[in-house]
Amino acid sequence: MALANVLQSESVDFSNYGRKCRGFTSSLYETELGLESVGGDNLSFAVRTACSDGDGSERKIQFLHGTTTLAFKFQHGVIVAVDSRATAGAYIASQTVKKVIEINPYLLGTMAGGAADCSFWERLLARQCRVYELRNKERISVAAASKLLANMVYQYKGMGLSMGTMVCGWDKTGPGLYYVDSEGNRVCGDLFAVGSGSMYAYGIVDSGLKQKDLTVEEACDLGCRAIYQATYRDAYSGGQVNLYHVHSEGWNRVSQSDVLLLHQQYQAEKA
Amino acid sequence: MSLYDRAITVFSPDGHLFQVEYAQEAVKKGSTAVGIRGKDIVVLGVEKKSVAKLQEERTVRKICTLDDHVCMAFAGLTADARIVINRARVECQSHRLTVEDPVTVEYITRHIATLKQRYTQSNGRRPFGISALIVGFDCDGTPRLYQTDPSGTYHAWKANAIGRSAKTVREFLEKNYTDEAIATDNESIKLAIKALLEVVQSGGKNIELAVIRRNQPLKLLESKEIETLVTEIEKEKEDEAEKKKQKKST
């Protein structure tokens, strides 16, 4: 976990930093087993190097960029709302995808981009968080958890990972919300929306968050409505709205509402 | 016995790692260091070895900061200590980088202890010949004092001493470490000086003292301050002796 471990050297030698942490242009057999540096266990996951793969970023795997995920902080914690549609081009592959990953009872991660990338790295993050908890006898902070994730994926920067996730939780400094992606961004914030429907979601949440203190019900409703509006206009978002609320005791799943039913409900309200 | 003490990675038939024990002997030859955990202050005191005439005094420092809120004193091989301190300093910053929080005293002690243990279990290396006293405050304001030894074990202490005559000092501390003795910052500092005076020759000149107060960086006491405190202590001792005499005579 320490910088020295990541650099895989006993003494910090900054001359090696650039060479070890980024992509490789040299030998085909050199694999950056970034995972080895994770806790010093003997994990080896064979990683295809950029060379053997040929065309790094132009893969034919369809990613979940078509999505809407949303998280915002408020007085009583963090609301996480996501849709559940997966598309492969114009084909709707699934309407029941779980885009919120439960890292541990007090940390959540959202999924946007490559589903495999998101779920794999967040499960690995869950393992690291648990080890941290055991070693240090206290829960990991949201800042540290998001940092661990960001550092893990940064080692694979340029190698074709696609992941845009929000790490949400509650630690001793209060509610925590970080956006982490495979480009190496890690940003702390009060509100994030990720995916093709994010712009529509932002519109709703930005206007709804005018009041300073929302109650839990109001915040949940806002999150639900924002995702619904995004699914209404964005073809690549739809299915159900999965809503989670993170508070000081941990997270709990508030609701799972089908978008079509929500549509009827909101239409009825307008009339 | 001589068959089993050459290589570090060999146990003796009765379960000793002789190289580690010899390293502990090396520690016992080093100059004394004492650590005291008060209520709002932690104190480190070391016996200053007399400096050669032409030697610059400033370069001989046995108390070092690891971070703003943690510092350590050691007893044993100075060169080994330098390496350990270096690694600990890097780890303190790495921790700040990856976890966005300063280290807890326990964490950095554990790191140093793990480092020392690694050197008792690899071939081609000998153990570090130092014991360390690591003091500081955690984020939540609790003062801490930990001691590590060459075998890689660590324990938390209320007060401890390492190095030459550590046993005598520890016995003194066991007798004199009371809640009253650490009631105020000044009292805790005086307790540290008293403990060191037990074993140090020629008094205040050969004592180096450092304190950390909550949310403040390490402060090395100047020799003048130490002298003042030493005279205070000696005066108290005299007063005590006077009282006892009077009691006896009445």
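The notes below deal with the structure included here. (Residues numbered from 1 in each chain as written. Chains lettered and ligands numbered in written order. Predicted model: local features only at pLDDT ≥ 70, side-chain atom pairs only at ≥ 80, totals over all residues. Heavy atoms only, no water.)

## With respect to helix α5 (residues 142-154) of chain A
Given a rise of 1.5 Å per residue, 13 residues ought to cover 18 Å, and the 18 Å separating the end C-alpha atoms of α5(A) matches this to within 8%. Among all positions in α5(A), only A:V142, A:A143, A:A144, A:A145, A:S146, A:K147, A:L148, A:L149, A:A150, A:M152 and A:V153 are buried. As for α5(A), its buried residues are in contact with β6 (107-110), α4 (115-136), β7 (164-171), β8 (174-181) and β9 (186-188) of chain A together with α2 (78-99) of chain B. (Helix = DSSP H or I, 4+ residues; strand = E, 2+ residues; numbered from the N terminus. Expected span 1.5 Å × (residues − 1). Buried < 20%, exposed > 50% of the residue type's maximum accessible area, 1.4 Å probe, protein only. Contact = heavy atoms within 4.5 Å.)

## Re the side chain of A:S198
Looking at the element boundaries, A:S198 is found in helix α6 (residues 198-208). Residues in contact with A:S198, not counting those within four places in the same chain, are A:T68 and A:A193.

## Thoughts on the pairing of strand β2 (residues 77-82) of chain A
Residues and elements named next belong to chain A. Of all the six residues making up β2, six are buried; the element is thus mostly covered by neighbouring parts of the structure. Sheet topology note: the strand β1 (residues 69-74)/β2 ladder contains six bridges and is antiparallel. Of the residues in β2, the one forming a bridge with L70 is A81. What sits between the antiparallel neighbours β1 and β2 is a turn of two residues. Pairing between β2 and strand β11 (residues 240-247): five bridges, direction antiparallel. Its bridge partner lying in β11, V82 is registered against N242. (Pairing = 2+ DSSP bridges.)

## Details of the packing of α4(A) against α5(A)
Residues and elements named next belong to chain A. Interhelical geometry of α4 versus α5 gives an angle of 130° and a closest axis separation of 10 Å. Between α4 and α5, the interaxial angle falls into the category oblique. Taken as a pair, α4 and α5 cross one another with a handedness that is right-handed. Where α4 approaches α5, its residues W121, L124, L125, Q128 and C129 are matched on the opposing element by A145, L148, L149, M152 and V153. When the residues that make up the contact of α4 with α5 are grouped by side-chain class, the tally is nine nonpolar, one polar and no charged. (Axes fitted to C-alpha atoms, helices over the stretch in contact; angles between N-to-C directions. Parallel < 35°, antiparallel > 145°, perpendicular 65-115°, else oblique. Left-handed = near helix turned anticlockwise from the far one by under 90°. Nonpolar A, V, L, I, M, F, W, Y, C, P; charged D, E, K, R; others polar.)

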